[in-house]
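Coordinate analysis (summary)
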Amino acid sequence: MTVRPLEQADFAFEAPVLVVGGGACGLIAALAAVDAGAEVVVLERDPVPTGSTSLSSGFVPACGTRFQAAAGVTDTVELMAADIQRKNAGEADPAIVEAVCRRSGATIDWLADRWGLPFVLLDGFLYPGHGVRRMHAHPDRTGAALLGALRTAAEAAGVEVVGDAHVTALYADAAGRVGGVRVERPDGTGEDVGCGALVLACNGYGGDPAMLREHIPEMADALYFGHSGNRGDAVRWGTALGGEALHMSAYQGHGSVAHPHGVLITWALMMEGGIQVNAEGRRFSDETHGYSEQAVAVLAQPGGVAFDLYDARLHALGLGFEDYREAEKAGAVRRFETPGGDGGRPRPAGGGASGDRSPTRGAAPAARPATRSGATSPASRRWSRRTSRCGSPARCSTPRAGCGSTPPRGC
Ligand SMILES: Cc1cc2nc3c(=O)[nH]c(=O)nc-3n(C[C@H](O)[C@H](O)[C@H](O)COP(=O)(O)OP(=O)(O)OC[C@H]3O[C@@H](n4cnc5c(N)ncnc54)[C@H](O)[C@@H]3O)c2cc1C
């Protein structure tokens, strides 16, 4: 990943705006450029864009959207910024946090109203650290669906999304002004493409083990659950051009990736009263601190694994998420009867027993007897841990810590 002298370039063609990377960031940048009247080409190393975006849940935090207004949720830039800063212990640059929050609501509304993206405001749980409901998602609740909708919008807007286009070098003049890029094709051929402006939207460096070990050693041995094609190219180019890289040790981890199935188990289950125990059946943390923090806590457990425990009510909540349904299909979700319970008799609506009726198998290390309504308070969590007589079937999945890259801890 080099920066070459501009005079060495032999441009096959030129685009007013080039975007490197066809994930959410690149496609939204492309839509913004179209809105500003530019012609845009997106260069993506994969045959079709997937990126970390399509691995994600695709939940976008934003304040002051029309979706919040319709749901009667009061939210402000100040509230959202304060939530973010509290979550990252004040490590983020307040000016950047403020700018992101200030633009967040208008961006969601713009994507919906200008580009037809279907959004829903998530209901039923609060995301870690967020004081109000502000997670917006595609109705399918997956990052893949969000990316699909973005791609449809971009292509309808005339953006050319070129797959199998691995950008391997930039061309810049002596002053550091970029004039184009080198693209390599899977068949070994290559071409130079010129540009008026370049947007680097190639995400972070989670797919580069050496950079990971250098900057985030505590996660170097974790399962990497982001896109493997994100290998720090933008960081290398940016620093080669004289830029300064900040927050290099910040990352998004995840404490609940079903293993070996490789499916995310929504943290909504933990926020609504589920718990995690280690292979010895011991609870080891306060799960409500968030899934990112929990990646480190899970890795520190014997074997680097933990079990999610929750009841039928939360299983029903999980079934609202495509990833969770996939996890269940893949066999990552198992049902156990609570010792001393009612044998898992069907519950009335709201109690929500569902799924298979298999008898207790193996050793369910602990069963979390849930309160039957709403969020579980810390006090009821403690009570729950010592109690085993709720009669709710316990469910567990077997997560491992994963590690994305990018934004500050606790994203
Ligand atoms: C499991 C998981 C769950 C997540 N959940 C959430 C969530 O719910 N909410 C949230 O806000 N965030 C979440 N995130 C984080 C979020 O998904 C990412 O921050 C976001 O998708 C990044 O988008 P992007 O466009 O920057 O990167 P990506 O979607 O990764 O796209 C980058 C693209 O650049 C391409 N590329 C890289 N290098 C080159 C090159 N040299 N030449 C050409 N192409 C290149 C890659 O192939 C890739 O397609 C999650 C992440 C993961 C992994």
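Residues numbered from 1 in each chain as written. Predicted model: local features only at pLDDT ≥ 70, side-chain atom pairs only at ≥ 80, totals over all residues.

Topic: the site of the ligand
Around the ligand, the surrounding shell holds 38 residues, and the nearest of these are Gly21, Gly23, Cys25, Gly51 and Ser56. Of all the secondary-structure elements, those providing two or more residues to the shell around the ligand are α1 (24-35), α2 (51-55) and β8 (166-172). Considering each element in turn, the shell around the ligand owes the most residues, four residues, to α2. The residue makeup of the shell around the ligand, split by class, is 13 nonpolar, 21 polar and four charged. (Near = placed C-beta within 6 Å. Helix = DSSP H or I, 4+ residues; strand = E, 2+ residues; numbered from the N terminus. Nonpolar A, V, L, I, M, F, W, Y, C, P; charged D, E, K, R; others polar.)

Notes on helix α8 (residues 233-240)
One full turn of an α-helix is made of 3.6 residues, so residues set three or four places apart face in the same direction. Buried within α8 we find Asp233, Ala234, Val235 and Trp237. Here the buried face of α8 lies against β1 (2-5), β8 and β10 (190-200). Once α8 ends, the next one or two residues include glycine 242, with phi positive near 100°. (Buried ≥ 20, exposed ≤ 12 C-beta atoms within 10 Å, placed from the backbone. Contact = placed C-beta atoms within 7 Å.)

Concerning the pairing of strand β15 (residues 307-310)
Within a regular beta strand, the side chains point alternately toward one face of the sheet and then the other, so they alternate between its two faces. Every second residue of β15 is oriented toward a common face, with Phe307 and Leu309 on one face and Asp308 and Tyr310 on the other, all of them buried. In this structure, strand β14 (residues 275-277) lies alongside β15, joined through three bridges in antiparallel fashion. Within β15, the position partnered with isoleucine 275 by the bridge is leucine 309. (Pairing = 2+ DSSP bridges.)

Focus: the sheet that holds β10
Across the sheet, seven strands lie side by side as β1-β8-β9-β10-β2-β3-β7; this open sheet has mixed pairing. The two strands at the open ends of the sheet, each matched to only one other strand, are β1 and β7 (160-162). On average, each strand axis in the sheet is inclined to that of its neighbour by 40°, with strand direction left out of account. Pairing of strand β9 (residues 178-184) with β10, which is carried by five bridges, proceeds in the antiparallel orientation. Bridge assignment links glutamate 184 to a residue of β10, and that residue is glycine 190. Across the sheet, α1 is in contact with β2 (11-20), β3 (40-43) and β10; its angle to β3 comes to roughly 170°. (Axes fitted to C-alpha atoms, helices over the stretch in contact; angles between N-to-C directions.)

Observations regarding the sheet that holds strand β5 (residues 120-121)
Strand pairing in a sheet is mediated by backbone hydrogen bonds. Such pairs are either parallel or antiparallel. If you walk across this open sheet you meet the three strands as β4-β6-β5, and the pairing is antiparallel. Each of the sheet's edge strands pairs with one partner strand only, and the pair in question is β4 (60-61) and β5. Across two bridges, the pairing between β4 and strand β6 (residues 135-137) is antiparallel. Pairing of valine 60 across the sheet is with histidine 136, part of β6.

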